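# Secondary and tertiary structure notes
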Amino acid sequence: MVKTLDGLMARGARLRAEQQGLDKITYPKELLDRAGDLEVKNIIASESKLFEVRTNGRVGQRAQLHERITQLNEEIAGLVARKRPRTRNRAGGKGTGRGSDSTTSIWCRCRG
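Below you will find a few notes about this structure.

Basis of the calculations
- Residues numbered from 1 in each chain as written.
- Predicted model: local features only at pLDDT ≥ 70, side-chain atom pairs only at ≥ 80, totals over all residues.
- Heavy atoms only, no water.
- Helix = DSSP H or I, 4+ residues; strand = E, 2+ residues; numbered from the N terminus.
- Buried < 20%, exposed > 50% of the residue type's maximum accessible area, 1.4 Å probe, protein only.
- Contact = heavy atoms within 4.5 Å.
- Areas by Shrake-Rupley, 256 points an atom, 1.4 Å probe, with all protein chains shown as cover.
- Core = buried A, V, L, I, M, F, W, Y, C linked by side-chain atoms within 4.5 Å.
- Salt bridge = Lys/Arg side-chain N within 4 Å of Asp/Glu carboxyl O.
- Polar contact = N/O pair within 3.5 Å; in protein donor to acceptor, adjacent residues only side chain to side chain.
- Expected span 1.5 Å × (residues − 1).

### With respect to the overall build of the protein chain
The number of helices and strands found in the protein chain is 4 helices and 0 strands. Overall, the protein chain shows an N-to-C arrangement of helices and strands of α-α-α-α. Burial analysis of the protein chain (112 residues in total) assigns 17% to the buried set. In the protein chain, of all internal contacts separated by at least 6 residues, the share reaching a separation of at least 24 is 46%. About 9,000 Å² of surface is accessible on the protein chain, with carbon and sulfur atoms providing 55% of the total.

Below is the structure:
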């Protein structure tokens, strides 16, 4: 029963640290007082390792998401840049009013 309580105290400390975005776990004093006990030592080591793995995973995932945001912003900028010349062509009254040859080609293919 004591082992279960020790495990729950350590897990609670880890989850609080994760929730608050802390760099390290602050274990309860009553658990640290018995850190010399092999079972308590193993419990703390296990929760600390899990904390490290989960934290590193979130950091890696966050980096991937930031990279994806950058890629999508570049894609959006490219699409906006491609759209501008077509808009100017139509507004400027150049050509037949149906857009550039490539626009007309795409338009014809889409219509079927």
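### Focus: the nonpolar core
Formed by Ala10, Ala13, Ala17, Ile25, Tyr27, Leu31, Val40, Ile43, Ile44 and Phe51, the largest nonpolar core amounts to 10 residues. Elements supplying a minimum of two residues to this core: α1 (2-20) and α3 (38-92). No other element matches α3, which puts 4 residues into this core.

### Re the environment of Ala13
Secondary-structure assignment places Ala13 in helix α1. For Ala13, a relative accessible area of 2% gives the class buried. The spacing of Ala13 and Tyr27 is 14 residues in sequence and 5.6 Å in space, taken between C-alpha atoms. Those residues in contact with Ala13, other than ones at most four positions away along the chain, are Ile25, Thr26, Tyr27 and Pro28.

### Topic: the pattern of salt bridges
As enumerated under the stated definition, the model contains 5 salt bridges in all. Among the salt bridges present, the one from Asp6 reaches Arg34, with a minimum N-O distance of 2.3 Å. In this pair, Asp6 sits in helix α1 while Arg34 sits in the loop between α2 (29-32) and α3, placing the two residues 28 residues apart along the sequence. Its relative accessible area of 30% is what places Arg34 among the partly exposed residues. Residues Asp33 and Lys29 are paired through a salt bridge, measuring 3.0 Å at the closest nitrogen-oxygen approach.

### Overview of the side chain of Glu47
Inspection of the secondary structure assignment puts Glu47 in helix α3. A polar contact is formed between the side chain of Glu47 and the side chain of Arg14, at a distance of 2.3 Å. Apart from the residues lying within four places of it in its own chain, the contact partners of Glu47 are Ala10, Arg11, Arg14, Ile25 and Tyr27.

### Observations concerning the side chain of Glu18
The residue Glu18 is located in helix α1 in this model. For Glu18, a relative accessible area of 12% gives the class buried. Leave out the neighbours within four places in its chain, and Glu18 touches Phe51, Arg54 and Arg58.

### With respect to α1
Counted at 1.5 Å a residue, the expected span for α1 with its 19 residues is 27 Å, and the 27 Å between its end C-alpha atoms agrees. For α1, every residue scored as buried is listed here: Asp6, Gly7, Ala10, Gly12, Ala13, Arg14, Ala17 and Glu18. Two residues or fewer after α1 comes Gly21, characterised by a positive phi angle close to 70°.

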